[in-house]
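Overview (structure and organization)
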Amino acid sequence: MRETWVAGAATNRYGKMAETGREAGSRVALEAIRSAGLEPKEIDLTFVANAFGIAEHQAHVGPLVNTALGIPEVPSATIESACSSSSAALHEAYVHVAGGFADAVLVVGFEKLSHLDTLAATSYFAIGADYPYEAHNGATFPGLYALMANAHAQRYGTSEAELGAVAVKNHANGALNPHAHFQKPISPEIYRASPVVASPLRLYDCCPFSDGAAAVVVTARERFPHPAAEPLVVRASVRAGSIGDIQDRSTLTALPATRRAAERAFRTAGIEAGRIGFFEVHDCFTIAELIALEDLGLFPPGAAGRATVDGITAHDGAHPVNPSGGLKAKGHPVSATGVGQVVEIFEQVNQRAGGRQVPRTETALAHNVGATGSSCSVHIFGRR
Ligand SMILES: CC(C)(COP(=O)(O)OP(=O)(O)OC[C@H]1O[C@@H](n2cnc3c(N)ncnc32)[C@H](O)[C@@H]1OP(=O)(O)O)[C@@H](O)C(=O)NCCC(=O)NCCS
């Protein structure tokens, strides 16, 4: 296996894009390539993540992105794994570079749904769940994660104040991130006054529908030893799966795919959760952040809520979680989200995160989940 780096990264501001997904993706991809000190002609392969391209009547978008970059001869493929599409694409890039099949791979994820109303966007997203059993019977993602929040509350006593602390923290971080969809802090009072979407989840427990694009460039150290910025050394790139539908699961208070991926990733990287400098985790709903931190082993089951209330996961706390603002405040443009987490890690490692800069950047972990947790990617990065 060759030493493999994330040598370049770029994102746009999440929220509502005037451009098409393809235009934004191509622009951000070029920025990522340049930030690695490379030119498009040095890219061997492109992986694109764009799970809901159908909303823009566009499939097979890889050749169009490569054409915009001036490299139409370069092969490409679109990777779909719901909300974990671009971290799955990143894993494929890692496999190609570490295995010696390519020296420089572009990974770009983008999504545009802001031209749809909430009902239409919710219906599109629901096809990422088990359509005949869940979506067809009216289950939506807020509803499915509300089931997990209720189960977690019954088992561990997880309170409204604990869920709210996740929202308040991530909005505070988002307010310091010029790329975030929401750049406004909220108070616990604003959280408590927000309308219920799917009990117990309120408006501020939910990620928004965001447009956005993010890209990274994965390179082999031996071929490109002098990157333009401090690269992220990929110490582990692991994917895992678990039961796709909710009704066949034996627990709703944990996501086994995260546990599997994390266990292998920590073993591969030779590190444990408590020694990771900071985390970008998949907080599509506040309960998802708590479950993620417990599944990753940072806190025992049922203890992440209390830790959040105590400020341990704040960007200046002992274990910073989602300094970017997370999906909750930075936003969740589905297929940009996974590589967007890595862009944040790249910015933090290069000391470019401004007011949300975390103190320890020697190691960082990105955790990205598809749908209700049936797919999961965990990446651990280190420094040279
Ligand atoms: C929570 C949700 C239902 C709100 O939708 P909505 O009620 O139609 O809200 P609107 O789009 O009409 O926006 C109303 C206001 O709330 C804000 N808002 C919308 N969603 C928000 C969110 N998740 N958090 C904070 N504010 C939000 C809007 O910016 C807008 O503010 P403004 O009035 O100041 O402009 C919707 O964002 C949602 O379904 N989110 C989850 C998406 C999802 O399931 N993703 C997949 C995860 S696996």
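This report concerns the structure included in the present document.

Reading the values: rules and limits
Residues numbered from 1 in each chain as written. Predicted model: local features only at pLDDT ≥ 70, side-chain atom pairs only at ≥ 80, totals over all residues. Heavy atoms only, no water. Helix = DSSP H or I, 4+ residues; strand = E, 2+ residues; numbered from the N terminus. Rg over C-alpha atoms; globule rule 2.2 N^0.38 Å. Buried < 20%, exposed > 50% of the residue type's maximum accessible area, 1.4 Å probe, protein only. Contact = heavy atoms within 4.5 Å. Areas by Shrake-Rupley, 256 points an atom, 1.4 Å probe, with all protein chains shown as cover. Lys, Arg positive; Asp, Glu negative; His and termini not counted. Charge placed at Lys NZ, Arg CZ, Asp CG, Glu CD. Near = heavy atom within 4 Å. Polar contact = N/O pair within 3.5 Å; in protein donor to acceptor, adjacent residues only side chain to side chain. 1 Å grid on protein atoms, 1.4 Å probe; cavity = no way out; pocket = protein on both sides within 12 Å on 5 of 7 lines; lining within 4 Å. Sits in = over half its atoms within 2 Å of the grid points. Nonpolar A, V, L, I, M, F, W, Y, C, P; charged D, E, K, R; others polar. Points joined across faces, edges and corners; volume = space filled by probe spheres on them. Axes fitted to C-alpha atoms, helices over the stretch in contact; angles between N-to-C directions. Parallel < 35°, antiparallel > 145°, perpendicular 65-115°, else oblique. Salt bridge = Lys/Arg side-chain N within 4 Å of Asp/Glu carboxyl O.

1. Examining the overall build of the protein
- Scanning the protein from terminus to terminus reveals 12 helices and 11 strands.
- For 384 residues, the compact-globule formula gives about 21 Å, and the C-alpha radius of gyration of the protein, at 19 Å, lands near that figure.
- Counting only C-alpha atoms, the protein reaches 55 × 45 × 40 Å along its principal axes.
- Classification of the 384 residues of the protein by burial places 62% in the buried group.
- Summarising the internal contacts of the protein: among those between residues at least 6 apart in sequence, 78% fall at separations of at least 24.
- Of the accessible surface of the protein, which amounts to about 14100 Å², a share of 54% is contributed by carbon and sulfur atoms.
- Across the protein, the 31 positively charged side chains and the 37 negatively charged ones have centroids separated by 4 Å.

2. Here's the deal with the site of the ligand
- Close to the ligand lie 16 residues, the nearest being T118, F125, C206, C207 and K328.
- In the model, a nitrogen atom of the ligand is placed 3.4 Å from a nitrogen or oxygen of the P208 main chain.
- For the ligand, whose free accessible area comes to 910 Å², the fraction covered by protein is 62%.
- Placement of the ligand is best described as lying within the largest pocket.
- Elements with a contribution of two residues or more to the shell around the ligand: α4 (118-126) and α5 (141-156).
- For the shell around the ligand, the class distribution of residues is 13 nonpolar, two polar and one charged.

3. Let's talk about empty space enclosed by the protein
- Across all of its chains, the model carries two cavities of 30 Å³ or more by this definition.
- Lining the largest cavity are Y14, E280, N322, S324, G326, L327, K330, G331, T337, G340 and Q341.
- Going through the elements one at a time, α11 (326-329) and α12 (334-349) are the ones with two or more residues in the lining of the largest cavity.
- The element contributing the most residues to the lining of the largest cavity is α12, with three residues.
- A class-by-class count of the residues in the lining of the largest cavity yields two nonpolar, seven polar and two charged.
- Looking at the second largest cavity, its volume works out to about 40 Å³.
- Taken together, F52, A82, C83, F125, G128, F141 and A371 form the lining of the second largest cavity.
- Taken together, the residues that form the lining of the second largest cavity break down as six nonpolar, one polar and no charged.

4. What to know about the layout of surface pockets
- In this structure, the largest pocket occupies an estimated 660 Å³ of space.
- Surrounding the largest pocket, 32 residues form its lining, L203, C206, C207, P208 and F209 being those nearest its centre.
- Elements with a contribution of two residues or more to the lining of the largest pocket: α4 and α5.
- Per element, the largest residue contribution to the lining of the largest pocket is four residues, and it comes from α4.
- Each residue belonging to the lining of the largest pocket can be placed in one class, and the counts come to 20 nonpolar, eight polar and four charged.
- Roughly 160 Å³ of internal volume is contained in the second largest pocket.
- Around the second largest pocket, the lining residues are E160, A161, G164, A165, V168, K169, P188, Y191, R192 and V309.
- In terms of residues, the lining of the second largest pocket owes the most to one element, helix α6 (residues 160-174), which gives six residues.

5. As for the packing of α6 against helix α9 (residues 286-295)
- Packing of α6 against α9 leaves a shortest axis separation of 8 Å and a crossing angle of 100°. Here α6 is positioned roughly perpendicular relative to α9, judged by the angle of their axes. Residue-level inspection shows L163, V166, A167, K169 and N170 of α6 in contact with α9, the latter providing T286, I287, E289 and L290.

6. Some words on unusual backbone geometry
- Residue P200 is reached from S199 by a cis peptide bond, and omega for that bond is 10°.
- Along the chain, P200 falls in the loop between β5 (196-198) and β6 (201-202).
- One non-glycine residue with positive phi stands out, namely N322, at about 55°.
- With respect to the helices and strands, N322 occurs in the loop between α10 (304-309) and α11.
- Judged by its relative accessible area of 0%, N322 is buried.
- A positive phi angle is found at A371, which is not glycine, with a value near 55°.

7. Brief notes about the pattern of salt bridges
- Taken as a whole and judged by the stated rule, the model has 16 salt bridges.
- We note a salt bridge from E19 to R27, for which the minimum N-O separation is 2.7 Å.
- A salt bridge links E347 to R356; the nearest nitrogen and oxygen atoms lie 3.1 Å apart. You'll find E347 and R356 in the same group, each marked buried.
- Residues participating in the shared-partner salt-bridge network are R2, D103, E222 and R223.

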